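# Examination of the molecular architecture
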Amino acid sequence: MHLKSNSLNEVTDGFLPGLLIVDDEANILKALKRSFLRTKYNVFTAESAAKGLEILNNEDIQVVLSDFRMPKMSGGQFVKQLKESHPDVVSMIISGYADFDSAIEVLNSGAAFKFLRKPWCNKGLLEDVDAAFDEYFARKTVISNEPEQQGMELSKKAIFEHGLNTLLEANAKVAVASIRIFNLAVIIQQLDEYSSSKLHAIIEQTIKAEMPSSSEVYQVELDQIFVLIPDLQSECSFQNVLSKLNEMLNSQLTGDFSKYKLNSSIAYAISPFDGVNGQELMQNLHSIFAQEVFYKQHIQKLDSTKIETRKRQLTIQSSIAGAINENQFELYFQPKVNVDSGATKQGEVLMRWEHQELGWVSPSEFINLSELDGQIEQIGTWLIDKSVKKLAELSRIHNCLESLSINISARQLSNHKVVDQFAFLIDKYKLDPALIEIEITESSVMEDLDQTNAVLWQLKLLGLRIAIDDFGTGYSSFAYLSKLPVDVLKLDKVLVDDLVKSDDVKSMLRSLIALCHQMQIKVVAEGVEDEQQLAILQEMHCDYIQGYVYSKAVRLQEFEKILINQPFKNKVIS
Ligand code: C2E
Ligand code: CA
Ligand code: CA
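For the structure given in this document, a descriptive report is provided here. (Residues numbered from 1 in each chain as written. Chains lettered and ligands numbered in written order. Predicted model: local features only at pLDDT ≥ 70, side-chain atom pairs only at ≥ 80, totals over all residues. Heavy atoms only, no water.)

In terms of regular secondary structure, the chain is built from 23 helices and 19 strands. Here the analysis covers contacts within the chain between residues at least 6 apart in sequence; of these, 68% occur between residues at least 24 apart. When the accessible surface of the chain is split by element, carbon and sulfur atoms take 50% of a total near 27,200 Å². (Helix = DSSP H or I, 4+ residues; strand = E, 2+ residues; numbered from the N terminus. Contact = heavy atoms within 4.5 Å. Areas by Shrake-Rupley, 256 points an atom, 1.4 Å probe, with all protein chains shown as cover.)

With that settled, consider the coordination of the calcium ion (ligand 2). Looking at the calcium ion (ligand 2), the protein donor atoms are Glu348 (OE), Asn407 (OD1), Glu439 (OE) and Asp469 (OD), and they sit 2.1 to 2.4 Å from it. We note that the donor set of the calcium ion (ligand 2) lies within a single chain, spaced as E-x58-N-x31-E-x29-D. A spacing of 4.2 Å is found between the calcium ion (ligand 2) and the calcium ion (ligand 3), which share aspartate 469 as a donor. One end of the pair, asparagine 407, is in strand S14 (residues 403-407); the other, aspartate 469, is in strand S16 (residues 465-471), with 62 residues separating them in the sequence. The class of asparagine 407 is partly exposed, set by a relative accessible area of 25%. The exposure class of aspartate 469 is buried, given its relative accessible area of 5%. (Donors = N, O, S within 2.8 Å, 3.2 Å for Na, K, Ca; no water. Buried < 20%, exposed > 50% of the residue type's maximum accessible area, 1.4 Å probe, protein only.)

The topology assignment puts glutamate 348 in strand S12 (residues 344-355). A polar contact is formed between the side chain of glutamate 348 and the side chain of lysine 490, at a distance of 2.8 Å. Polar side-chain contacts of glutamate 348 include one of 2.7 Å to the side chain of glutamine 546. Apart from residues lying up to four places away in sequence, glutamate 348 is in contact with Tyr332, Phe333, Gln334, Lys336, Leu404, Ser405, Asn407, Glu439, Asp469, Lys490, Glu526 and Gln546. (Polar contact = N/O pair within 3.5 Å; in protein donor to acceptor, adjacent residues only side chain to side chain.)

In terms of burial, strand S1 (residues 18-22) is largely enclosed, as five of its five residues are buried. Covered by surrounding structure in S1 are Gly18, Leu20 and Val22 together with Leu19 and Ile21, the residues of both alternating faces. Two elements, S1 and strand S2 (residues 42-46), share five bridges in a ladder whose sense is parallel. Bridge pairing in S2 links valine 22 to alanine 46. With helix H2 (residues 26-35) bridging S1 and the parallel S2, this β-α-β connection has right-handed handedness. (Pairing = 2+ DSSP bridges. Right-handed = clockwise from strand over helix to strand, strands pointing away.)

This part is about the sheet that holds S2. As summarised here, the arrangement of the five strands in space is S2-S1-S3-S4-S5, forming an open sheet in which the pairing is parallel. Pairing within the sheet leaves two strands with one partner each, and these edge strands are S2 and strand S5 (114-117). With direction set aside, neighbouring strand axes in the sheet form an average angle of 20°. (Axes fitted to C-alpha atoms, helices over the stretch in contact; angles between N-to-C directions.)

Here we come to the site of ligand 1. The full set close to ligand 1 counts 19 residues, and Gln334, Arg352, Asp469, Glu529 and Tyr548 are the nearest of them. Separating an oxygen atom of ligand 1 from a backbone N or O atom of serine 364 is a distance of 3.4 Å. Taking tyrosine 548, its main chain carries an N or O atom lying 2.8 Å from an oxygen atom of ligand 1. When residues in the shell around ligand 1 are grouped by element, the largest group, four residues, is from S12. In the shell around ligand 1, the residues fall into seven nonpolar, five polar and seven charged. (Near = heavy atom within 4 Å. Nonpolar A, V, L, I, M, F, W, Y, C, P; charged D, E, K, R; others polar.)

What follows concerns the coordination of the calcium ion (ligand 3). Around the calcium ion (ligand 3), the protein contributes the donor atoms Asp469 (OD), Asp470 (OD), Glu526 (OE) and Glu526 (OE), which lie 2.1 to 3.0 Å from the metal centre. Sequence spacing among the residues donating to the calcium ion (ligand 3) works out to D-D-x55-E.

Here we take up empty space enclosed by the protein. A full pass over the atoms with the stated rule returns one cavity of 30 Å³ or more. In this model, the largest cavity occupies a volume close to 60 Å³. Contributing to the lining of the largest cavity are Leu184, His200, Ile203, Glu204, Ile207, Val217, Gln219 and Ile225. Here the lining of the largest cavity takes four residues from helix H9 (residues 193-210), the largest share from any one element. Residue composition of the lining of the largest cavity, grouped by class: five nonpolar, two polar and one charged. (1 Å grid on protein atoms, 1.4 Å probe; cavity = no way out; pocket = protein on both sides within 12 Å on 5 of 7 lines; lining within 4 Å. Points joined across faces, edges and corners; volume = space filled by probe spheres on them.)

Of the two faces of strand S17 (residues 488-491), the one holding Val488 and Lys490 and the one holding Leu489 and Leu491 are both buried throughout. Bridge analysis of S16 against S17 gives three bridges, and the strand direction is parallel. In the sheet register, phenylalanine 471 faces S17, and the bridge partner there is leucine 491.

Structurally, alanine 514 can be placed in helix H21 (residues 503-518). The exposure class of alanine 514 is partly exposed, given its relative accessible area of 39%.

This next bit is on helix H18 (residues 449-462). Given a rise of 1.5 Å per residue, 14 residues ought to cover 20 Å, and the 20 Å separating the end C-alpha atoms of H18 matches this to within 8%. Regarding H18, the residues found buried are Leu449, Thr452, Val455, Leu456 and Leu459. Looking straight down H18, one finds its buried side chains confined to an arc of 135°; they lie on one side. In this fold, the buried residues of H18 make contact with helix H16 (417-429), strand S15 (436-441), helix H17 (442-447), S16 and helix H19 (478-481). Among the residues trailing H18, glycine 463 stands out with phi positive, at a value near 110°. (Expected span 1.5 Å × (residues − 1). Arc of directions from axis to C-beta.)

Turning our attention to H16. Here H16 spans 19 Å end to end across 13 residues, near enough to the 18 Å set by a 1.5 Å rise per residue. Of all the positions in H16, only Val418, Val419, Gln421, Phe422, Leu425, Ile426 and Tyr429 are classed as buried. The buried residues of H16 occupy an angular sector of 160° when projected down its axis, which confines them to one face. For H16, exposure combined with an orientation more than 90 degrees from the buried face picks out Lys417, Asp420 and Phe424. The elements touched by buried residues of H16 are helix H15 (376-397), S14, S15 and H18. With its phi angle positive at about 50°, lysine 430 sits one or two positions after the end of H16.

We now examine the environment of leucine 126. Relative to the assigned elements, leucine 126 resides in helix H6 (residues 122-145). Between the C-alpha atoms of leucine 126 and serine 35, which are 91 residues apart in sequence, the distance is 7.8 Å.

Laid out in structure tokens, this is it:
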């Protein structure tokens, strides 16, 4: 049995609480459902957000557990819609680490109660789902018992925000402490009105007694208290105050409440280091609560490196347009080496950028940022133009060249412009289209499967080769990929790194490579750094190796030398 004894059973007598699980991958859906076999929950499953909404309209559901990345409607959009259409339902997102940043936005919007991580452990999952049901019943109790409280909470929040902004405008060094008491709603639910106000008063007194005398305490939600401390003198002594307060709040209550123990955590931020205005300060503060680590550490300070990171990001974003115009981006080439012969007939184009102030900026960093603000469209257009031009020149000089691959981002696949651009360039340079390979990541394919599939087929019909990049970084679903016109699968470095130490990865890769070959798909292993990995991959009949064991990405002249002087010596295992 996994329902909590005192709180839930009282409320749930006579019916089974309804849990809806939404995930587009059938095997994950099944595995998640299995986790709840021995619980009292009535579990429903749906393979899409649309199906989930249908079930919500017809069944009695209190808690929803949704995958984040799904075709058509994402988990983020789904829970936001639920907040409108089924405001009582408590929604949680379950997804890979890669989605954490996007999920924070959903958590901050209040649409999702918690973010759970895949892969999950059953015990933790059950506890989180129990907590979500507790939250549901606690919200219900609060709403039905105290109809006027909602309006009061709103105005308290507004008063708090006004207080914060006024202090910040006066340029004061302000500290904000955010105290969350996770189980307060559940405890209050078991108390009568008198006892519940008494408990609130005890908590407020405890906080006031510990905090500096100039502090203002605001209870903005049932389980959330903010404290504003103007003119903070010493961060170090403030931390001591918070530690002591947190210890007091988390110890067993006394007197009438002796059977209860609160469970609280505190986060704090200090202006101007942790946020230049009220909104930024509070946003950063909220994001701490969304992080798992927070629950373990109890007191957390906002990391001021976050602010530095944001400044760096803004600098990068504002210099991209200039970098294109002034030709600051450079093309580098990394060979893809035939496993058996050591010959290089293929390569990948990788961008390099030396920023005037920041020095070398990694393409992972600027490409990701440019995807967020849309500048990837300009970078992508520039890159395709330059790469195809270079490819045309190289292929005239080096007959051995079979293909060069160009990375294409998700956003570039969201319309058909990229197809027109390739068609135009192939015609302009009278190029064999099979010389061009495009690499798209597995996750960008999943963002909008129907749209991606349509564009990929058009590129395929044009004669281009198509590679799936970064396979193994999270959503590895061969079922999806087999529906796409795929010529090449690139195994990510994370899989290659695990190859030597994990027999499971070894046997999985062996079957995957065999399966690819049955489907006429070539396999490239990326990030191969040593000869031990190389030997295993060769024995598994992987087709190509791309990695430092042979060469990093190099300038054009260097790449041409590799084409001329091949095959690579010494590394080929016979
Ligand atoms: P990616 O497409 O997966 O590229 C492979 C990355 O792994 C490259 O990093 C490459 O230098 C690195 N790599 C290759 N072999 C090894 C190895 O043996 N060990 C290690 N540690 N790393 C290895 P790079 O060039 O920094 O690019 C990072 C990512 O940035 C790329 O990942 C790609 O997603 C993106 N990117 C780079 N150039 C472009 C571009 O022109 N267009 C787009 N859309 N994305 C690009
Ligand atoms: Ca790539
Ligand atoms: Ca990759």
